[in-house]
Amino acid sequence: MADLSVNIAGVTFGNPLIAASGTFGFGREYQEFYPLSTLGGISCKGITLKERAGNPPPRIAETPAGILNAVGLQNPGVDHFMEKDLSWLKGQGTVVIANIAGNTPEEYCEMAEKLSDSSVDMIEMNISCPNVKHGGVQFGTSCESVGAITRAVREHCKKPLMVKLSPNVADIVSIAKAAEAEGADALSLINTLTGMRIDIETGRPIIRNNTGGLSGPAVFPVAVRMVWQVSSAVSIPVVGMGGISTWKDAVEMLMAGASALQIGTVLFSDPYAPVKIRQGLDEFLDKKGLRSVRELTGTVRPW
Amino acid sequence: MAGIKNVLKGSHDYTLYKKRKSLVNRPQNMYNKKQNQRLAFDGGSYMKYDTQQCRLTYKEELAPGVFDFRLQNQAFAASAQPGQFAHLLVPGKPLRRPISICDVDQKADTLRLVFEVRGEGTQILAQYQVGDCLDVLAPLGRGFTIGDTSRRALFVGGGIGVPPLLYAAKQFGVNATVIIGFRNRDAVILKKDFEQAGCRVILHTDDGSAGRGGFVTESCREELENCEQVFACGPAPMLKAVAGQAQERCVPCQISLEERMGCGVGACLVCACKIRKADGSEGYLHVCKDGPVFDAKEVVW
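Residues numbered from 1 in each chain as written. Chains lettered and ligands numbered in written order. Predicted model: local features only at pLDDT ≥ 70, side-chain atom pairs only at ≥ 80, totals over all residues.

**Comments concerning the overall build of chain B**
Then, number 1: In terms of regular secondary structure, chain B is built from 8 helices and 17 strands.
Then, number 2: Taking the intrachain contacts of chain B between residues at least 6 apart in sequence as the baseline, contacts between residues at least 24 apart amount to 60%. (Helix = DSSP H or I, 4+ residues; strand = E, 2+ residues; numbered from the N terminus. Contact = placed C-beta atoms within 7 Å.)

Right, dumping it as structure tokens:
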């Protein structure tokens, strides 16, 4: 039994597997399958300052080896989250990460301030939601805007701050560096890649939002590449995500440079995936004679 | 896949966890068997569902491209309620396929699922043979509120919207009138099943090749006078028309909806359905967890 615990920005996770924001709600639906302490942490469904209704349906389409989604940040708002979900979540024996998105820097700051006085363990700043006009992605695609919003939120945030990066950019490394320079404690990547599907009978996009975010195994190699590039260029921890479906994917992402992992789309086909990934990872570490999962991070030997 | 889960299930922690949940957390299922009424919605924690390997014990092509599967699983057969659905893993596909539960045989421990081949996923499912095992997540969603089965009920179904009505209609037996519509004679399914349950069946086909010609809504208008409640499932235009007719006559109407779905348990929020709340404001609920059955009055078309 290897040590699976990891430390990200001063927060200890029992194991490196974190439920990815937007795929796991606030955890209640999945505790039907297993105790939430099975996971090292939960990144909650993205919350905004005020309640959001989300996009009209259809919000999802299947693609080869992936899905496109455009939920549009449907959520009950930060106050509702803090009143109704947070204390229950904190009792589940896992790290609770609040994922926040906003229309303006002021909204991000206000949420960071509210959550700083709550029991959440960490804040994940979503500046990469591709599915709403003002869901943060306007802040996430240039070094200047990423730097500015990170600096602003950092001033109001007393919790460890993780910045979630968009892959829909020309140079993710310089954006990662901008976030690090302005005080991000950790980075998480990748959010979804913008995509589109069209129903050839009707000529209509399948998703009502026309475009959506691509996730699942289809994006995994892109995610591995970006995690490798970013983790090589920054000194803060990188939480890797994007299409991780098996324990082998988990090992690969850790080798690329991730210190922890987020698991999302695979839950839709297999709710038990985190259990299997954790077990497979544990066995792999034993087989390789490694005492801690931390020994895997960044061990890729590039040519 | 099952192997790893068995490892998990065999562990002390997991066994205790499931035991604790089944004892303390909620009623065995969402119906109170004595009153046969749905228990109060308690914020989403009433459901009890899991993934299970289920053996396909019977398979039949009821009409071209429409398959009847019987899947054996004791736990599912014991807890599935009329109008709920099962989420079927399709090997190689990132999304499961939601299929409504058509009927339950508690003696044979089987769920009956009737589905139409519509795309690649259902095409793959249709290739399963008797004896094969499928990975099934069930029972899911809020089904029909059955209430007093001595009160006359009208069931209205169109096409592949007919199967979700059978298990509910069987509860009413002779007190059910069932109006079912199909494209043509070859597409007719389940007529005998409703008749065997004692229901009065009115068959429609779009081209008049069997039963009455024209849409189910024509018969619905006539039959609404003789019923106290309506249960409907089918294409959205049909549901909208039936809901309108029921509302004109102030007859309660429950409709089963479908939408492109993700997780199936209410976490991912993709299968949105627009609902008018009690205060008049509109918002989205979700077909997988809040539905698939909704009160027709609250649905915004």
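**Description of the interface of chain A and chain B**
Then, number 1: Between chain A and chain B, the contact holds 35 residues from the first and 32 residues from the second.
Then, number 2: Only β5 (60-63), β6 (66-69), α8 (266-269) and α9 (273-288) of chain A provide two or more residues apiece to the side of chain A that touches chain B.
Then, number 3: When its residues are assigned to classes, the side of chain A that touches chain B shows 18 nonpolar, 11 polar and 6 charged. (Nonpolar A, V, L, I, M, F, W, Y, C, P; charged D, E, K, R; others polar.)

**Examining helix α7 (residues 247-256) of chain A**
Residues and elements named next belong to chain A.
Then, number 1: Buried residues dominate α7, accounting for 8 of its 10 residues.
Then, number 2: The secondary structure elements touched by the buried residues of α7 are α6 (220-233), β13 (238-241), β14 (260-263) and α9.
Then, number 3: Just beyond α7, the residue with positive phi is Gly257, at close to 135°. (Buried ≥ 20, exposed ≤ 12 C-beta atoms within 10 Å, placed from the backbone.)

**Examining the sheet that holds strand β3 (residues 50-63) of chain B**
Strands belonging to one sheet form pairs held by backbone hydrogen bonds; the direction of such a pair is parallel or antiparallel.
All names here are of chain B.
Then, number 1: Spatial strand order, β3-β4-β7-β6-β5-β8: 6 strands in a closed barrel with antiparallel pairing. Taking the axes of each pair of neighbouring strands and ignoring which way they run, one obtains an average angle of 45° across the sheet.
Then, number 2: Judged from the 7 bridges that link them, strand β4 (residues 66-72) and strand β7 (residues 110-116) form a sheet pairing that is antiparallel. Residue pairing in the sheet places Val66 in a bridge with Glu116 of β7. (Pairing = 2+ DSSP bridges. Axes fitted to C-alpha atoms, helices over the stretch in contact; angles between N-to-C directions.)

**Section: the packing of helix α2 (residues 105-116) of chain A against helix α4 (residues 143-156) of chain A**
All names here are of chain A.
Then, number 1: Between α2 and α4, the least distance of the axes is 8 Å, while the angle of their chain directions is 30°. It follows that α2 is roughly parallel to α4 by the angle criterion. In this structure, α2 crosses over α4, and the sense of that crossing is right-handed. On α4, the residues that touch Pro105, Tyr108, Cys109, Ala112 and Glu113 of α2 are Ile149, Ala152, Val153 and His156. (Parallel < 35°, antiparallel > 145°, perpendicular 65-115°, else oblique. Left-handed = near helix turned anticlockwise from the far one by under 90°.)

**Re the environment of Asn55 of chain A**
Residue and element names in this part refer to chain A.
Then, number 1: Mapping Asn55 onto the fold places it in the loop between β4 (41-43) and β5.
Then, number 2: For Asn55, a count of 23 C-beta atoms within 10 Å corresponds to the buried category.
Then, number 3: When the C-alpha positions of Asn55 and Ala181 are compared, they lie 35 Å apart, and in sequence the two are 126 residues distant.

**Re the sheet that holds β14 of chain A**
All names here are of chain A.
Then, number 1: The parallel closed barrel is built from 8 strands, whose spatial order is β3-β4-β7-β8-β9-β10-β13-β14. Direction aside, neighbouring strands of the sheet carry axes that sit 25° apart on average.
Then, number 2: As paired strands, strand β8 (residues 122-126) and strand β9 (residues 161-164) are joined by 4 bridges and run parallel to one another. When the sheet's bridge partners are listed, Glu124 is paired in β9 with Met162.

**Quick look at helix α1 (residues 78-90) of chain A**
Residue and element names in this part refer to chain A.
Then, number 1: A rise of 1.5 Å per residue sets the reference length of α1, with its 13 residues, at 18 Å; its end C-alpha atoms lie only 16 Å apart and thus fall more than 12% short of the reference.
Then, number 2: The largest bend in α1 amounts to roughly 40° and is located at Lys84.
Then, number 3: Looking at the packing, one finds that the buried side of α1 touches β4, β7 (95-100) and α2. (Expected span 1.5 Å × (residues − 1). Bend = angle between axes of the 7 residues up to and from the residue.)

**Some remarks on unusual backbone geometry**
Then, number 1: Of note, the bond from Leu189 of chain A into Ile190 of chain A is cis; its omega dihedral lies within 30 degrees of zero at 10°.
Then, number 2: With respect to the secondary-structure elements, Ile190 of chain A resides in the loop between β10 (186-189) and β11 (193-195).
Then, number 3: Although it is not a glycine, Cys250 of chain B sits at a positive phi angle of roughly 60°.
Then, number 4: Given 7 C-beta atoms within 10 Å, Cys250 of chain B falls into the exposed group.
Then, number 5: Positive phi is not limited to glycine here, since Leu269 of chain B has a value of about 65°.
Then, number 6: In this fold, Leu269 of chain B is placed in the loop between β14 (253-256) and β15 (272-276).
Then, number 7: Among the residues examined, Leu269 of chain B registers 27 C-beta atoms within 10 Å and is labelled buried.

**Things to note about the domain arrangement of chain B**
How large an interface is tends to be reported as the accessible area lost when its parts come together.
Residues and elements named next belong to chain B.
Then, number 1: Under the domain assignment used here, chain B contains domain 1 (29-140) and domain 2 (144-253).
Then, number 2: The gap between the C-alpha centroids of domain 1 and domain 2 is 22 Å.
Then, number 3: Across the contact, 16 residues belong to domain 1 and 15 residues belong to domain 2.
Then, number 4: Counting residues per element, the ones that place at least two in the side of domain 1 that touches domain 2 are β2 (37-38), β3, β6 (97-105) and β7.
Then, number 5: Looking at the side of domain 1 that touches domain 2, the element that brings in the most residues is β6, giving 5 residues.
Then, number 6: In terms of residue class, the side of domain 1 that touches domain 2 is made up of 9 nonpolar, 4 polar and 3 charged. (Domains from an automatic or database assignment.)

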